[in-house]
Amino acid sequence: MASHSRLPLPRITVSRSVQRTAFTLALASAASAPFLAGAAQAEPKMTRAEVQAKVAELYQEAEQATQSYDGTKVRADQAAAELDRLQDELARKTARLESVRDALGGVAAAQYRSGTLDPTLQLALSSSPRDYLERAGLLRQLGARQAAAVDRLTVQQRDVTRTRGQASDKLAALRAAQSQLAARKRAVQDKLDQARALLDRLTPADRAAVRAADDGASSRSGTSPGTSPAAASRAAGRLPLTGVPGSSGSGAPAPSSRAAAAVAFAYRALGLPYVWGATGPSAYDCSGLTQAAWRAAGVALPRTTYTQINAGTRVPRSQLRPGDLVFFYSGISHVGLYIGDGKMIHAPHPGAAVRIAPISEMPFAAATRPA
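Residues numbered from 1 in each chain as written. Predicted model: local features only at pLDDT ≥ 70, side-chain atom pairs only at ≥ 80, totals over all residues. Heavy atoms only, no water.

Asks: Let's hear about unusual backbone geometry: which residues, and what values?
Replies: The omega torsion of the bond from glycine 280 to proline 281 falls at 0°, within 30 degrees of zero and hence cis. Mapped onto the secondary structure, proline 281 falls in the loop between helix H8 (257-268) and helix H9 (286-296). A positive phi is found at tyrosine 329, a non-glycine position, where the angle reads about 70°. With respect to the helices and strands, tyrosine 329 occurs in the loop between strand S2 (325-328) and strand S3 (334-340). We classify tyrosine 329 as partly exposed; its relative accessible area is 22%. Residues other than glycine seldom take positive phi values, yet aspartate 341 does so here, at roughly 55°. Within the secondary structure, aspartate 341 sits in the loop between S3 and strand S4 (343-346). (Helix = DSSP H or I, 4+ residues; strand = E, 2+ residues; numbered from the N terminus. Buried < 20%, exposed > 50% of the residue type's maximum accessible area, 1.4 Å probe, protein only.)

Asks: Outline the packing of aromatic side chains, listing residues and values.
Replies: In total, this model carries three aromatic pairs according to the counting rule given. Geometrically, the ring pair formed by tyrosine 69 and tryptophan 276 is edge-to-face, given 4.8 Å between the ring centres and 80° between the ring planes. Taken together, the residues tyrosine 69 in helix H2 (residues 48-114) and tryptophan 276 in the loop between H8 and H9 connect sequence positions 207 residues apart. The pair formed by tyrosine 69 and tryptophan 276 is uniform in burial state, with each residue classed as buried. Judged by centre distance (6.4 Å) and plane angle (80°), the rings of phenylalanine 265 and tyrosine 284 are edge-to-face. (Phe/Tyr/Trp six-rings, centres within 6.5 Å; stacked < 30°, edge-to-face > 60°.)

Asks: Quick one: what's the story with the nonpolar core, residue by residue and with numbers?
Replies: With 49 residues, the main nonpolar core has Trp294, Leu337 and Ile345 as its most contacted residues. Secondary structure elements with two or more residues in this core: H2, helix H5 (144-200), H8, H9, S2 and S3. Of all hydrophobic cores here, the second largest spans ten residues; its members include Val326, Met344, Ile359 and Ala367. (Core = buried A, V, L, I, M, F, W, Y, C linked by side-chain atoms within 4.5 Å.)

Asks: So what's going on with the side chain of threonine 163? Residues and values would help.
Replies: Within the fold, threonine 163 resides in helix H5. One polar contact links threonine 163 to lysine 93, side chain to side chain, over a distance of 2.9 Å. Apart from the residues lying within four places of it in its own chain, the contact partners of threonine 163 are Leu86, Glu89, Leu90 and Lys93. (Polar contact = N/O pair within 3.5 Å; in protein donor to acceptor, adjacent residues only side chain to side chain. Contact = heavy atoms within 4.5 Å.)

Asks: Account for the pairing of strand S6 (residues 364-369), naming residues and giving values.
Replies: Of the pairings in the sheet, the one linking strand S1 (residues 313-314) to S6 comprises two bridges and is antiparallel in character. Pairing of threonine 313 across the sheet is with arginine 369, part of S6. Note that S2 and S6 share four bridges and pair antiparallel. The residue of S6 that forms the bridge with phenylalanine 327 is alanine 366. (Pairing = 2+ DSSP bridges.)

Asks: Residues and numbers for the environment of valine 150, please.
Replies: When you line up the elements, valine 150 lands in helix H5. Accessibility expressed as a relative area gives 0% for valine 150, which makes it buried.

Structure below.
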């Protein structure tokens, strides 16, 4: 067998000049690495105006996520209530089923003691007694009383099985809603954390200027966060409590006593904090405030902006009257309560209080009149 020897590798020589060049490049690369890494990690500098615009955008996205959270919470609450009802119903039906089983068992025991036990009674206690007995042709052997008991047992077994299935489905729906609720809560919190992080990058003076600009709308509208209940009540008292719908205008009265009552409630809420997901009485989000205001007037509104917009009669912007719901942004993610003179009362965003603001400060989408 022939042996194979390994061929010698060619020798590669590198000149001293090439070695010096490579060494120099390596040193330069090593020296610049920390600088380049720092440059890659450095965050771009944003002006106060850019931060203010980005924070406003994040608040609006948080409002969208809040409305999704609110809607999911309604579904979760409804599923939980329905599950409780079904579980109570299942317990009652199971108790009745056991009562019928006990009655049949009592008949069987009496017959056993007398030595006349009918074997078909044992079949009556099976999972589907009537079907089994009919197939076996034995049902006619039972007395009228026993046959009626078997009928009740069969019906109740099917009823219990159906109710148990409904409860199982509702439990699955509740768990899915709770999972969505947690995800949407995280989405809201993420947007708010991003907004806080941006504000924290500003100097104290710039941060104060951004907050002052945010509060400026309410100050220019004749009120400010922290308006006293007495002042709010006086302002609400200036609103006509009745009115006949007629020509539109900045001084048009409320179209009904209910609308006036909703506006009066909103005035009394001035100065209360915005808290996402809140429906009162000490804090509100935007749709929580409008829902509470109209509830005080005796009208039940749904929970979210995208359901409240369908709760009433649509009205054009030119015919707005006090008490109308005014909606903003293309996704219908914000709502306020119109009070006249081109102004509304609304819960703006986290960190701000319920306040009066011009409806022109946000992109107007639509308006409805609940009553």
